[in-house]
Amino acid sequence: MEAREEWRSGLGFMLAAAGSAVGLGNLWGFAYRTQQGGGAAFLLLYVLIVLVVCLPVLVAEMVLGRSTTSSPLLAPVKAGGTLWQPMGWVFVIASCGILSFYAVLMGWTADTFFHSLFFGLPQSLDEATTFVTSVSKGSSVFLGQLLSLVLTAAVVSAGIRGGIEKIARWSMPLLFGLVIILAVWSATLPGAWDGYKDFLLKWDSSQLRNPETIRNAFGQAFFSLSLGIGIMVAYSSYLNKKNQLPKQALIISGMDTSVGILAGMVTFPIVASFPQVQEAVKGSFVSTFFVALPTGLSSLGITGQIIAVLLFSLTFIAALTSAISLLEVPVSSLIDSFGWNRNKAVIFSTILIFVIGVPSAISEDFLGKMFTYMDILLLLGGFLISILIGWFVTRTYDNDLSESNSNISVRRYLKFMLRWVSPIAIAFGLFVSVYDLVKSAIT
Ligand code: PHE
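Below is a short write-up of the structure. Because the structure is a prediction, the values reported are computed rather than measured. (Residues numbered from 1 in each chain as written. Predicted model: local features only at pLDDT ≥ 70, side-chain atom pairs only at ≥ 80, totals over all residues. Heavy atoms only, no water.)

### Re the overall build of the chain
Right, on to step 1. In terms of helices and strands, the chain carries 19 helices and 0 strands.
Right, on to step 2. Taken over the C-alpha trace, the chain has a radius of gyration of 21 Å; the compact-globule value for 443 residues is 22 Å, and the two agree within 12%.
Right, on to step 3. Over its C-alpha atoms, taken along the principal directions, the chain stretches across nearly 60 × 50 × 45 Å.
Right, on to step 4. Sorting the 443 residues of the chain into buried and exposed places 60% on the buried side.
Right, on to step 5. Within the chain, contacts between residues at least 6 apart in sequence are counted, and of these 85% link residues at least 24 apart.
Right, on to step 6. Accessible surface for the chain amounts to roughly 17100 Å². Of this, 68% is attributable to carbon and sulfur atoms. (Helix = DSSP H or I, 4+ residues; strand = E, 2+ residues; numbered from the N terminus. Rg over C-alpha atoms; globule rule 2.2 N^0.38 Å. Buried < 20%, exposed > 50% of the residue type's maximum accessible area, 1.4 Å probe, protein only. Contact = heavy atoms within 4.5 Å. Areas by Shrake-Rupley, 256 points an atom, 1.4 Å probe, with all protein chains shown as cover.)

Right, here's the structure in full:
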């Protein structure tokens, strides 16, 4: 048996975890859901969920990985006994399920990037719609999906230090730099203020009672933080005891939320500055991103083209580091459970995920459904983590955090929240989500 790999540094781990968190969910999901969910009212709900409900679970998920030094499939069993085996399966199923459609979206992003770079931007909404149809249908979808998966697989097969940590180290600073530059540029647009007002600077508290908004806020928080899916178990299992998990969890969620807000500050001013593209925005966030933005930018000539190329490359990089983390869940589980070597585990998982992704590549409707249902699995995963660590193996939690010298009052606060607040709030989120889905299926 080879020795278990370890991150080169705590910073490397944090960048990789932030790389997992920051992805497509931040670049278009967050801003769109904020705008739909009542602007600042949604942001408040979101931040509350992140700080009060998710943060304790994030730390617990990290503890589960670090204390067992096991992969997501085995860690629950090692910590709590065979009764907890299904939790490992929830992790593996959710990560394969999410990566299956995520790779399709990455393919669309790559296609739009190449198109913006080599052929220029669509001049009208009609042209853009034709382009998006060509991107999202037919054989180019499979090619995009396949190439995205192959690239992801190449990084994961290079291992923790040589692959995942290395790419996180250069891509995260680059991504931050790019999103800040783009947000500053967007601020100079004539519609900047209207864009901010539409996205964030409004307050519609009636949305806070809307089950769909509550479902979106919970789903977005878990999806965006890559929480409840075993990624943090996998990543933390390569981490030594010197790292203070609560601090790192706070930094990771801070980075994640700021990229979401910054991305909204990039996209909304663009949409607001080009009234001719407003129509496309009404459809869905897919059409905002792939139709409205390139079309709006096309009226700025070469500048618009450069911005589009930067925006879509930024999106692709963000998505790649998330896809890598998703693939690491089945890969590390296969290595751990069957003693496979990394390459074999990567090849097997990649082929499996490609096949599962075929229906999403063919039907946008199916893709949307996968997205919705996987969000619910994440909530379920988060719920199980809070019960296992908060109620069944609390001592593990205490020992792990005290060995790494985390502040005692922070530890007490987190433990209290993990036991009494997170499970109840997540159960509520799960209930509202299922209720909302059943209701919309019936009507
Ligand atoms: N957090 C990623 C994003 O916001 C998506 C993701 C979800 C990645 C779950 C891993 C696990 O796009």
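### Comments concerning the site of the ligand
Right, on to step 1. In the neighbourhood of the ligand, 15 residues make up the surrounding shell, with Ala21, Leu24, Gly25, Tyr102 and Phe223 lying closest.
Right, on to step 2. Within the contact set of the ligand, a nitrogen atom lies 3.1 Å away from a side-chain nitrogen or oxygen of serine 226.
Right, on to step 3. Protein contact buries 100% of the 320 Å² of open area that the ligand shows by itself.
Right, on to step 4. Looking at the shell around the ligand, the elements with two or more residues in it are helix H1 (10-21), helix H2 (24-36), helix H10 (211-224) and helix H15 (301-338).
Right, on to step 5. Residue composition of the shell around the ligand, grouped by class: 7 nonpolar, 8 polar and no charged. (Near = heavy atom within 4 Å. Polar contact = N/O pair within 3.5 Å; in protein donor to acceptor, adjacent residues only side chain to side chain. Nonpolar A, V, L, I, M, F, W, Y, C, P; charged D, E, K, R; others polar.)

### So, the packing of aromatic side chains
Right, on to step 1. In the structure shown here, the tally under the stated rule is 20 aromatic pairs.
Right, on to step 2. Centroid distance tyrosine 102 to phenylalanine 223: 6.4 Å. Interplanar angle 50°. Geometry classified as tilted. Remark: phenylalanine 223 occurs in helix H10 and tyrosine 102 occurs in helix H5 (residues 85-118); sequence separation between them is 121 residues. For the residue pair tyrosine 102 and phenylalanine 223, the accessibility class agrees, reading buried in each case.
Right, on to step 3. Taken together, a centroid distance of 5.1 Å and an interplanar angle of 20° make the contact between phenylalanine 199 and phenylalanine 268 stacked. With phenylalanine 199 in helix H9 (residues 192-199) and phenylalanine 268 in helix H12 (residues 245-273), the pair connects residues that are 69 residues apart, well separated along the chain. Like phenylalanine 199, the residue phenylalanine 268 is buried in the burial classification.
Right, on to step 4. Ring pairing ties together the aromatic residues Trp7, Phe13, Tyr235 and Tyr238, which thus form one cluster.
Right, on to step 5. One cation-aromatic arrangement involves arginine 33 over phenylalanine 371; the distance from NZ or CZ to the ring centre is 5.8 Å.
Right, on to step 6. Over the face of the ring belonging to tryptophan 340 we find lysine 344, whose NZ or CZ atom lies 4.4 Å from the ring centre. (Phe/Tyr/Trp six-rings, centres within 6.5 Å; stacked < 30°, edge-to-face > 60°. Lys NZ or Arg CZ within 6 Å of the ring centre and 35° of its normal.)

### Some remarks on a nonpolar patch on the surface
Right, on to step 1. A cluster of nonpolar residues, Phe114, Leu117, Phe118 and Phe119, forms a patch on the protein surface that exposes about 470 Å² of accessible area.
Right, on to step 2. Mapped onto the fold, phenylalanine 114 is located in helix H5. (Patch = residues over 30% accessible without salt bridge, like charges linked within 9 Å, V, L, I, M, F, W, Y side chains within 5 Å. Salt bridge = Lys/Arg side-chain N within 4 Å of Asp/Glu carboxyl O.)

### Observations concerning the side chain of threonine 68
Right, on to step 1. With respect to the helices and strands, the residue threonine 68 is situated in helix H3 (residues 40-68).
Right, on to step 2. In contact with threonine 68, other than residues within four places in its own chain, are Val63, Ala75, Lys78 and Ala79.

### Re helix H19 (residues 408-442)
Right, on to step 1. The end-to-end C-alpha distance of H19, which contains 35 residues, comes to 49 Å, matching closely the 51 Å that a straight helix rising 1.5 Å per residue would cover.
Right, on to step 2. The sharpest bend along H19 reaches about 45° and sits at leucine 418.
Right, on to step 3. Structurally, the start of H19 carries an N-cap: the backbone nitrogen of serine 409 is 2.8 Å from a side-chain oxygen of asparagine 407. (Expected span 1.5 Å × (residues − 1). Bend = angle between axes of the 7 residues up to and from the residue.)

### Examining the pattern of salt bridges
Right, on to step 1. A full pass over the atoms with the stated rule returns 12 salt bridges.
Right, on to step 2. The partner of glutamate 364 in a salt bridge is lysine 137, and the shortest N-O contact between them spans 4.0 Å. In this pair, glutamate 364 is assigned in helix H17 (residues 364-392) and lysine 137 in the loop between helix H6 (125-136) and helix H7 (139-157), connecting sequence segments 227 residues apart.
Right, on to step 3. You can call glutamate 364 partly exposed: its relative accessible area is 41%.

### Structural notes on the environment of leucine 334
Right, on to step 1. Within the secondary structure, leucine 334 is located in helix H15.
Right, on to step 2. Classification of leucine 334 by relative accessible area gives buried; the value is 12%.
Right, on to step 3. In sequence terms leucine 334 and glutamine 123 are 211 residues apart; their C-alpha atoms lie 48 Å from each other.
Right, on to step 4. Leave out the neighbours within four places in its chain, and leucine 334 touches Gly339, Trp340, Ala345, Phe348 and Ser349.

### Comments concerning the side chain of glutamate 61
Right, on to step 1. With respect to the secondary-structure elements, glutamate 61 resides in helix H3.
Right, on to step 2. Although glutamate 61 is buried, it makes no salt bridge; arginine 4 carries the closest opposite charge, 13 Å away.
Right, on to step 3. Ignoring sequence-local partners within four residues, the contact set of glutamate 61 consists of Leu227, Gly228, Ile229, Gly230, Ile231, Met232, Val233 and Ile385. (Lys, Arg positive; Asp, Glu negative; His and termini not counted.)

### Digging into the environment of leucine 27
Right, on to step 1. The residue leucine 27 is located in helix H2 in this model.
Right, on to step 2. Looking at leucine 27, the relative accessible area reads 4%, which means it is buried.
Right, on to step 3. Once the C-alpha coordinates of leucine 27 and leucine 15 are considered, the two residues, 12 residues apart in sequence, prove to be 18 Å apart.

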